[in-house]
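# Reading the structure
As a plain string of letters, each chain reads:
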Amino acid sequence: MEIKYFLKKEKAFELMAKIIIEKVIEKPNVVLGLATGGTFEKVYENVICLSKIKNVNFSKVFTFNLDEYVNLKQELYKNSYHFYMDNNLFNFININHDNIHFPCNFQNNYNSGELFQDYDKKIHDIGGIEIQLLGLGANGHIGFNEPGSKIDSITRCIELSHTTIKDNSRYFQSINDVPKKAVTMGLKTIIDNSKMIYLLAFGENKRDALKRLIDSKGFDPNYPVTILKNFKNLIIFTDLKFN
Ligand code: PGA
């Protein structure tokens, strides 16, 4: 585990974008694992900017998004992660839309616990994910693997925790509009298939969760991020300092 401290998070967003762009230039058919949330808006803004400057070809790149809401009302489609990705990245690069993957359709309803083995199989069959981007929930989730997630969890439909619903309500008019369920890559899916993981965590509300990871001796299901403790190729970008 390597921790890179940034005084200004903008520098981290720039560096993350540079790493992605350099990888796409080096390996045009690279497989990327993509995250959403506030943290990645600026990363993708920098990716778009650099891709224009360097005239980068994304047409052979494959992407697998970490998660997606379930049973989102039609009028709230702008809150879907499909829309987020189009609006923050895909519409501004020459990606082939056949190469974009999400774990589910946000308009469909699924039962919590329902497994999405096909998603894991697709990721596995393509040879895994070269660069996996991860944000960090204040409650220690990665993707939507909420506290209580199992070490061997695969892609599945999960009920969102109250903390997550509250945190994400800032994107909705009312907290009642926030979906109660999502489909997320599992912890095992992430660990087994990623070659390199970048975890980005900025702001005081992430301190506790990040400290749990740093101090952990092994996996603690109450803080799913601790699954990363023994992952060799993990780089953490943060503006938090720990003594
Ligand atoms: P954020 O979300 O980037 O909006 O803080 C991170 C997460 O919940 O994974």
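Thresholds applied
- Residues numbered from 1 in each chain as written.
- Predicted model: local features only at pLDDT ≥ 70, side-chain atom pairs only at ≥ 80, totals over all residues.
- Heavy atoms only, no water.
- Core = buried A, V, L, I, M, F, W, Y, C linked by side-chain atoms within 4.5 Å.
- Buried < 20%, exposed > 50% of the residue type's maximum accessible area, 1.4 Å probe, protein only.
- Helix = DSSP H or I, 4+ residues; strand = E, 2+ residues; numbered from the N terminus.
- Contact = heavy atoms within 4.5 Å.
- Near = heavy atom within 4 Å.
- Polar contact = N/O pair within 3.5 Å; in protein donor to acceptor, adjacent residues only side chain to side chain.
- Areas by Shrake-Rupley, 256 points an atom, 1.4 Å probe, with all protein chains shown as cover.
- Nonpolar A, V, L, I, M, F, W, Y, C, P; charged D, E, K, R; others polar.
- Axes fitted to C-alpha atoms, helices over the stretch in contact; angles between N-to-C directions.
- Parallel < 35°, antiparallel > 145°, perpendicular 65-115°, else oblique.
- Left-handed = near helix turned anticlockwise from the far one by under 90°.
- Pairing = 2+ DSSP bridges.
- Right-handed = clockwise from strand over helix to strand, strands pointing away.
- Salt bridge = Lys/Arg side-chain N within 4 Å of Asp/Glu carboxyl O.

### Some points on the nonpolar core
Counting 80 residues, the largest nonpolar core has M16, L133, I142, L199, L228 and F237 as the members making the most contacts within it. If one sorts the elements of this core by residue count, helix α1 (residues 9–26) sits on top with eight residues. In this structure L228 touches L134, I142, I191, I197, L199, L213 and L234, once residues within four positions along its chain are discounted.

### Here we look at the site of the ligand
With respect to spatial proximity, the complete set of residues near the ligand consists of G37, G38, T39, G135, L136, G137, H141, R170, Y171 and K206. Here an oxygen atom of the ligand and a backbone polar atom of G38 are 2.9 Å apart. Summarising the interface, the protein chains cover 82% of the accessible area of the ligand, which totals 280 Å² for the free molecule. Split into classes, the residues belonging to the shell around the ligand amount to two nonpolar, six polar and two charged.

### Examining the packing of α1 against helix α2 (residues 38–53)
Close contact between α1 and α2 brings their axes to 8 Å; oriented N to C, the two are set at 50 degrees. In terms of axis orientation, α1 runs oblique to α2. Read as a crossing pair, α1 and α2 show a hand that is right-handed. Of the residues in α2, those touching α1 at F13, E14, M16, A17, K18, I20 and I21 are T39, K42, V43, N46, V47, L50 and S51. When grouped by side-chain class, the residues that make up the contact of α1 with α2 number eight nonpolar, three polar and three charged.

### Re the pairing of strand β2 (residues 31–34)
Neither face of β2 is left uncovered, since the one carrying V31 and G33 and the one carrying L32 and L34 both have all their residues buried. In this structure, β2 lies alongside strand β3 (residues 62–65), joined through four bridges in parallel fashion. The residue of β3 that forms the bridge with V31 is F62. As a crossover connection, the stretch from β2 through α2 into β3 is right-handed.

### Some points on the pattern of salt bridges
Under the counting rule described, the total for this entry stands at 13 salt bridges. Linking K4 and E2 is a salt bridge whose minimum nitrogen-to-oxygen distance equals 3.4 Å. D215 is paired through a salt bridge with K211; the nearest N and O atoms lie 2.7 Å apart. One end of the pair, D215, and the other, K211, are both in helix α7 (residues 207–215), four residues apart, so they sit about a helical turn from each other. K211 gets classed as partly exposed once you look at its relative accessible area, which sits at 37%. Residues participating in the shared-partner salt-bridge network are K23, E26, K27 and E130.

Interpretation note: all reported values are geometric properties and have no functional meaning in isolation.
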